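# Examining the three-dimensional arrangement
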Amino acid sequence: MVNNSQTIVKISAKNWILLLSISFIALLISIDFTAMNLALIGAAKDFHTDLGTIQWLLSGYVLVMSAFIFPAGRLTNIYGPRCIFFWAAFIFSVASLLIAVVDNLTLIILSRFLQGIGSALFLPSLYSLAFTSFPSAKKTMALVFISSAASMGLAMGPTIGPVIQNISSWRWIFFINIPLCALIVPIVAITSKKEEILLKIKMDYWSTLLLACILLLVIISTNSIVYSGILSFDALGGIACSILLIHFLIQRQKKEKTPLLPFYLFSNKVFFICILALFCAHYIFASTFLIS
């Protein structure tokens with residue numbers, strides 16, 4: 001007689017604390033994205049500028065985060081998730097402080113770009129910390145936990161943003177990030193494993209720059225169409241230039257032994273459909289809030 005027994009994998013309290021901490025950061029990043037949507041009008045009034053200019057507080061954040069997410073993954077492989085997490089927390093906190101206290105709109109928008117870099121560095125390091133800290137049987141659960149926290153943040157942002165703005169000012173949406181990051185960083189430092197992941201991989205800076213230019217052109221062209229309501233010559237030129245740069249980027253990536261962008265994944269139809277659906281959902285979600 002054979003007894004089929006299932007091995008129960010227990011998760012230590014240390015790992016649970018780590019998971020809750022990094023999930024909270026994922027929640028915070030998502031809230032920072034959607035909380036600013038409904039605060040744009042208040043910010044535009046403070047700086048006496050039009051909504052088309054102030055919307056860069058939203059578009060700039062998403063643009064830079066999108067451009068740096070792949071380089072951030074490469075840096076995580078080179079230096080390890082723990083190191084990149086600490087750098088992400090530092091950059092994100094400094095940028096949040098600048099947005100909260102500076103009165104110059106140009107500097108605030110640039111700080112929002114810097115915050116996007118911090119968020120981009122956060123994302124791969126969060127998932128990598130969970131993946132390396134949990135046993136194989138619990139890795140999926142940990143990754144789903146973080147993703148759920150991020151999705152919850154997207155839903156909470158439109159509520160939290162106006163509440164903070166009504167109580168005090170839209171600047172507190174960013175100022176509150178500083179003590180929260182200061183609280184989470186030492187917890188992650190204590191609960192995460194120290195690792196030395198030094199892969200012999202070089203950063204592809206030219207591909208990163210091309211990707212940033214492509215996204216910038218796409219954002220500018222899209223905003224031009226949304227605000228003007230017509231497909232102008234400038235918008236068509238921006239779209240044409242972005243398509244040309246995409247061609248150069250693909251050709252460059254084909255020559256790389258370790259490409260920055262994993263184009264080979266898009267040959268998987270299921271993966272491609274899922275990514276396309278996710279992109280459309282996020283774009284519709286952001287556009288709806290911006291227009292409203």
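Data block above holds the structure.
Treat the numbers as computed from the prediction; the structure is a model and nothing was measured.

### Side note on a nonpolar patch on the surface
- Nonpolar side chains collect at one region of the surface, where L97, V101, W172, F175 and I176 lie side by side and expose about 430 Å² of accessible area between them.
- Breaking the nonpolar patch down by element, the ones donating at least two residues are α5 (81–101) and α8 (172–175).
- Within the secondary structure, W172 is located in helix α8.

### Observations regarding the packing of helix α4 (residues 56–79) against α5
- With their axes 9 Å apart at the nearest point, α4 and α5 run at an angle of 150° to one another. With respect to α5, the axis of α4 lies roughly antiparallel. Here α4 and α5 pass one another in a crossing that is right-handed. Here Y61, L75, T76 and Y79 of α4 come into contact with α5, specifically with P81, C83, I84 and F92.
- Here the contact of α4 with α5 is built from residues that sort into 7 nonpolar, 1 polar and no charged.

### Some words on the packing of helix α1 (residues 13–35) against helix α7 (residues 139–167)
- Running from N to C, α1 and α7 point in directions that differ by 35°, and their axes come no closer than 7 Å. Of the two elements, α1 crosses α7, and the hand of that crossing is right-handed.

### Describing the nonpolar core
- In terms of nonpolar packing, the biggest core is built from 56 residues, with I22, F85, F122 and W170 touching the most fellow members.
- If you tally residues by element for this core, the top one is α1, at 11 residues.
- Those residues in contact with F85 that lie beyond four places of it in its chain are I22, I25, F122, S125, L126, L129, I184, V185 and V188.
- If you look at the next biggest cluster of nonpolar residues, it comprises 5 residues, including L210, I214, L245 and L249.

### A word on the environment of A95
- Among the structural elements, A95 can be located in helix α5.
- Each C-alpha atom, one on A95 and one on F175, is 9.7 Å from the other, the two residues being 80 residues apart in sequence.

Conventions used here
Residues numbered from 1 in each chain as written. Predicted model: local features only at pLDDT ≥ 70, side-chain atom pairs only at ≥ 80, totals over all residues. Heavy atoms only, no water. Patch = residues over 30% accessible without salt bridge, like charges linked within 9 Å, V, L, I, M, F, W, Y side chains within 5 Å. Areas by Shrake-Rupley, 256 points an atom, 1.4 Å probe, with all protein chains shown as cover. Salt bridge = Lys/Arg side-chain N within 4 Å of Asp/Glu carboxyl O. Helix = DSSP H or I, 4+ residues; strand = E, 2+ residues; numbered from the N terminus. Axes fitted to C-alpha atoms, helices over the stretch in contact; angles between N-to-C directions. Parallel < 35°, antiparallel > 145°, perpendicular 65-115°, else oblique. Left-handed = near helix turned anticlockwise from the far one by under 90°. Contact = heavy atoms within 4.5 Å. Nonpolar A, V, L, I, M, F, W, Y, C, P; charged D, E, K, R; others polar. Core = buried A, V, L, I, M, F, W, Y, C linked by side-chain atoms within 4.5 Å. Buried < 20%, exposed > 50% of the residue type's maximum accessible area, 1.4 Å probe, protein only.

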